[in-house]
Amino acid sequence: MQLVGISAFVVVGTLLGVALWALRRRLLACEGALERKAQELEVSRAAEQRLGEELVEARRAEEEARRARAEAEAASRAKSAFLANMSHELRTPLNSILGFAQLMERDLSLGHRHRENLMVICKSGEHLLGLVNDILEMAKIEAGRMTLVDADFDLHALLSGLSEMFSVEAQKRGLTLAIEREQDVPQHVHGDEGKLRQVLINLLGNALKFTPRGSVTLRAWARRSTGVREGGAHDGAAARVRVSFEVVDTGRGMAKEEIEELFEAFGQTATGRRSGEGTGLGLHISRRIVRMMGGDMQVESQPGRGTTLRFDVRLTLADEGDARAGGEAPRARRVVALSPGQPRYRVLVVDDRWDVRHCLLKLLDSVGVEVRSATNGLGAVAQWETWSPHLVLLDLRMPLLDGYEAATRIKSSPRGRETVVVAMTASAFEQNRSLAAEAGCDDFLTKPFRDADIFNLLTKHLGARFEVEEGPAERRPAGPPAVDLARAAAGLPAALRKDLRRAATRLDAKAVQAAIDRFRPEDAELAGAVAELARGYRFDSILALSSADEEEPS
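None of the values given here were measured: they were computed from a predicted structure.

About the thresholds
- Residues numbered from 1 in each chain as written.
- Predicted model: local features only at pLDDT ≥ 70, side-chain atom pairs only at ≥ 80, totals over all residues.
- Heavy atoms only, no water.
- Pairing = 2+ DSSP bridges.
- Helix = DSSP H or I, 4+ residues; strand = E, 2+ residues; numbered from the N terminus.
- Axes fitted to C-alpha atoms, helices over the stretch in contact; angles between N-to-C directions.
- Contact = heavy atoms within 4.5 Å.
- Expected span 1.5 Å × (residues − 1).
- Buried < 20%, exposed > 50% of the residue type's maximum accessible area, 1.4 Å probe, protein only.
- Arc of directions from axis to C-beta.
- Patch = residues over 30% accessible without salt bridge, like charges linked within 9 Å, V, L, I, M, F, W, Y side chains within 5 Å.
- Areas by Shrake-Rupley, 256 points an atom, 1.4 Å probe, with all protein chains shown as cover.
- Salt bridge = Lys/Arg side-chain N within 4 Å of Asp/Glu carboxyl O.
- Parallel < 35°, antiparallel > 145°, perpendicular 65-115°, else oblique.
- Left-handed = near helix turned anticlockwise from the far one by under 90°.
- Core = buried A, V, L, I, M, F, W, Y, C linked by side-chain atoms within 4.5 Å.
- Phe/Tyr/Trp six-rings, centres within 6.5 Å; stacked < 30°, edge-to-face > 60°.
- Lys NZ or Arg CZ within 6 Å of the ring centre and 35° of its normal.
- pLDDT = per-residue confidence, 0-100.

## Brief notes about the sheet that holds strand S9 (residues 346-350)
Part 1 of the argument: The strand order across the open sheet built from five strands is S10-S9-S11-S12-S13, with neighbouring strands paired in parallel fashion. Edge positions in the sheet fall to strand S10 (370-374) and strand S13 (443-446), since each of these pairs with one other strand and no more. For this sheet, the mean angle separating the axes of adjacent strands, direction not counted, is 20 degrees.
Part 2 of the argument: Helix H11 (residues 403-411) rests against strand S11 (391-395) and strand S12 (420-425) of the sheet, and its axis sits at about 155 degrees to S11.

Structure follows, in structure tokens:
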């Protein structure tokens, strides 16, 4: 029994040991599993923490992006407001400068010298206006607000007008200007005439500016699309034509590295920087316009050999019958009076600026139009109610009551709808035009305007007819006789050319005049031509003439 007891004790002990060992192993396994779970939990917590941090960073980045977008939009609005205000502030005094200069030009008692001075004022004013317009065009491009205004126009007349516009400038510089048009260039087309003219004027102006001697040539040719029937007739939308233009000069040319900067905004080549003229926007804007019109612009140039700028645009063939029925625009001639047998037209001028009112009052009164004025929208409405004008020239920005509200009040009645209301503004943004149309205005006039613009409005809306000055060329001061300036200047003594060049470099008008007086007895024609350049402050042209026989700088 004792042995049995011992055996049972051993067996129980053994079993207990095995059970404890198994239990220990299970405990160890559970501890391992718990440790792994703890590690996994730690990893999960770390991942969750990283995810939270990334989420916070993403929210911070989103908030910064939202703030940056809001700041950019605010900056864009501020820039647009600044440009609108600057446009108004710059164009308003320009309107007075050009307006009163045109009024003085109408005075036939002015002498030759005063008319020359007026020409300088007008030319400088137009140049400043061009710079302002370049800045505004750039702003429109950046804001994506530049649009094409397509209409039927005479392409041949456009090219002829450019020839007339630049021929005098080319003659003064001693250059040959040629406009070459291939026979396949259509006459009547549909497109944005104004923007095409802007591009061509910019290219021709640059070519003349940077060509001290030789020639500038504008060539045009066309390639018609399929769908054009024999004889030039066309089938609706298929009647498209691609017109190519090329401006070639014999000027200083450019190096290859300069060509890459040519179309950058505010970028100028070394030649352009030396000239001290322009903003560096003209070619940038021109290429953007060309691309809007379905083409592109390329340039080829060699230092000392000249430059070629080439571009093409996509136009539509216009119906020649409709184009001829529209008639060609009459050549600008000075209006002197209303034609007999017409009613006494009444025009109300509304503007808060005295100079604008005074200029328009003088201009309209000089041709026999009955005219009154008001200084704000409240006065405009009161004058309209008591005086019943046929046409109202209404400024949009005025105190007390602006032009938009004044136009709305006038046009709200049946009698007011019969009154022609023309909005005037010194701001050049298209949104002003659409807002004026919504207010009921019948037309839109951008300052600075020319006297012809005012008379055209009276003809367009009231049917007014005017008598024009006969033989305007005879009444204008005659320019200097046509001479080959470059060739004539090359014949001057070397010492005299050196003195003339030194005076032009210093912008010394008295020294230039002294040099002119030295060769006037031998060559009166050349002296007169160079004197006119000096009176027009064209020292760059005088410098080019005095260097006409020297080698071109590379």
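## What about helix H14 (residues 451-462)?
Part 1 of the argument: Its 12 residues give H14 an end-to-end C-alpha distance of 16 Å, which sits within 8% of 16 Å, the value for a rise of 1.5 Å per residue.
Part 2 of the argument: Listing the buried residues of H14 in full gives Asp-451, Ile-454, Phe-455, Leu-457, Leu-458 and Leu-462. Mapping the buried residues of H14 onto a view down its axis gives an arc of 150 degrees, with all of them on the same face.
Part 3 of the argument: Downstream of H14 by a residue or two, Gly-463 has a phi angle that is positive, lying close to 75 degrees.

## As for helix H9 (residues 354-366)
Part 1 of the argument: For H9, with 13 residues, the first-to-last C-alpha span of 18 Å sits near the 18 Å given by 1.5 Å per residue.
Part 2 of the argument: Buried residues of H9: Asp-355, Val-356, Arg-357, Cys-359, Leu-360, Leu-363 and Leu-364, and no others.
Part 3 of the argument: Just past H9, the residue Gly-368 takes up positive phi, approximately 95 degrees.

## Points about a nonpolar patch on the surface
Part 1 of the argument: Together, Leu-16, Leu-20, Leu-23 and Leu-27 make up a nonpolar patch on the protein surface, roughly 390 Å² of accessible area in all.
Part 2 of the argument: Within the secondary structure, Leu-23 is located in helix H1 (residues 2-105).

## Some remarks on the environment of Val-369
Part 1 of the argument: Here Val-369 is to be found in the loop between H9 and S10.
Part 2 of the argument: Note on Val-369: relative accessible area 0%, which makes it buried.
Part 3 of the argument: For the pair Val-369 and Ala-337, spaced 32 residues apart in sequence, the C-alpha separation works out to 8.7 Å.
Part 4 of the argument: When neighbours within four sequence positions are excluded, Val-369 is seen to be in contact with Leu-338, Tyr-345, Val-347, Leu-364 and Leu-458.

## A few points about the packing of helix H3 (residues 155-172) against helix H4 (residues 193-209)
Part 1 of the argument: Two numbers describe how H3 lies on H4: the axes approach to 11 Å, and their chain directions differ by 25 degrees. By the angle between their axes, H3 is roughly parallel relative to H4. Between H3 and H4 lies a crossing whose hand is right-handed. For the pair formed by H3 and H4, the contact residues are Leu-155, Leu-158, Leu-159, Leu-162, Met-165, Phe-166, Glu-169 and Ala-170 on the first element and Leu-196, Arg-197, Leu-200, Ile-201, Leu-204, Gly-205 and Leu-208 on the second.

## Side note on the nonpolar core
Part 1 of the argument: The biggest cluster of nonpolar side chains holds 39 residues, and the ones touching the most others in it are Leu-155, Leu-196, Leu-200, Leu-203, Leu-218, Phe-245 and Phe-311.
Part 2 of the argument: Ranked by the residues each element gives to this core, the list is headed by H4, at seven residues.
Part 3 of the argument: Setting aside anything within four residues of it in sequence, one finds Leu-203 in contact with Val-247, Leu-283, Met-297, Leu-309 and Phe-311.
Part 4 of the argument: Residues Val-349, Val-371, Leu-445 and Ala-464 belong to the second largest nonpolar core, which totals 28 residues.

## Things to note about the packing of aromatic side chains
Part 1 of the argument: Counted by the stated rule, this structure contains two aromatic pairs.
Part 2 of the argument: For the ring pair Phe-455 and Phe-466, a centre distance of 5.2 Å and an interplane angle of 55 degrees mean the geometry is tilted. With Phe-455 in helix H14 and Phe-466 in strand S14 (residues 466-468), the pair connects residues that are 11 residues apart, well separated along the chain.
Part 3 of the argument: Here Phe-466 falls in the buried class, since its relative accessible area comes to 15%.
Part 4 of the argument: The ring of Trp-384 is capped by Arg-415, whose NZ or CZ atom sits 4.2 Å from the centre of that ring.

## Examining the confidence of the model for the chain
Detailed reading of the predicted coordinates is not advisable wherever pLDDT falls low.
Part 1 of the argument: Here the chain averages 76 in pLDDT, and 73% of its residues register 70 or above.
Part 2 of the argument: Looking across the chain, the model is least confident in helix H15 (residues 472-475), with a mean pLDDT of 38, and most confident in S9, with 92.
Part 3 of the argument: For residues 471-483, every residue scores under 50 in pLDDT, and the model assigns this stretch 20 contacts once sequence neighbours within four places are set aside.
Part 4 of the argument: Low pLDDT, under 50, characterises residues 548-554; the predicted model gives this stretch 13 contacts beyond four residues in sequence or across chains.

## What to know about the pattern of salt bridges
Part 1 of the argument: Applying the stated rule across the entire model yields 21 salt bridges.
Part 2 of the argument: Residues Lys-447 and Asp-351 are paired through a salt bridge, measuring 2.6 Å at the closest nitrogen-oxygen approach. Taken together, the positions of Lys-447 in the loop between S13 and H14 and Asp-351 in the loop between S9 and H9 put the pair 96 residues apart, joining distant regions of the chain.
Part 3 of the argument: Of the residues examined, Asp-351 reaches a relative accessible area of 0% and is grouped as buried.
Part 4 of the argument: Here the residues in one salt-bridge network are Glu-180, Arg-219, Glu-246, Glu-300 and Arg-310, joined through shared partners.

## Quick word on the environment of Arg-305
Part 1 of the argument: Take Arg-305: it is sitting in the loop between strand S6 (297-302) and strand S7 (306-317).
Part 2 of the argument: Arg-305 gets classed as exposed once you look at its relative accessible area, which sits at 62%.
Part 3 of the argument: For the pair formed by Arg-305 and Asp-249, sequence separation is 56 residues and the distance between their alpha carbons is 8.6 Å.
Part 4 of the argument: In contact with Arg-305, not counting residues within four places along its chain, are Asp-249, Thr-250, Gly-251 and Arg-252.

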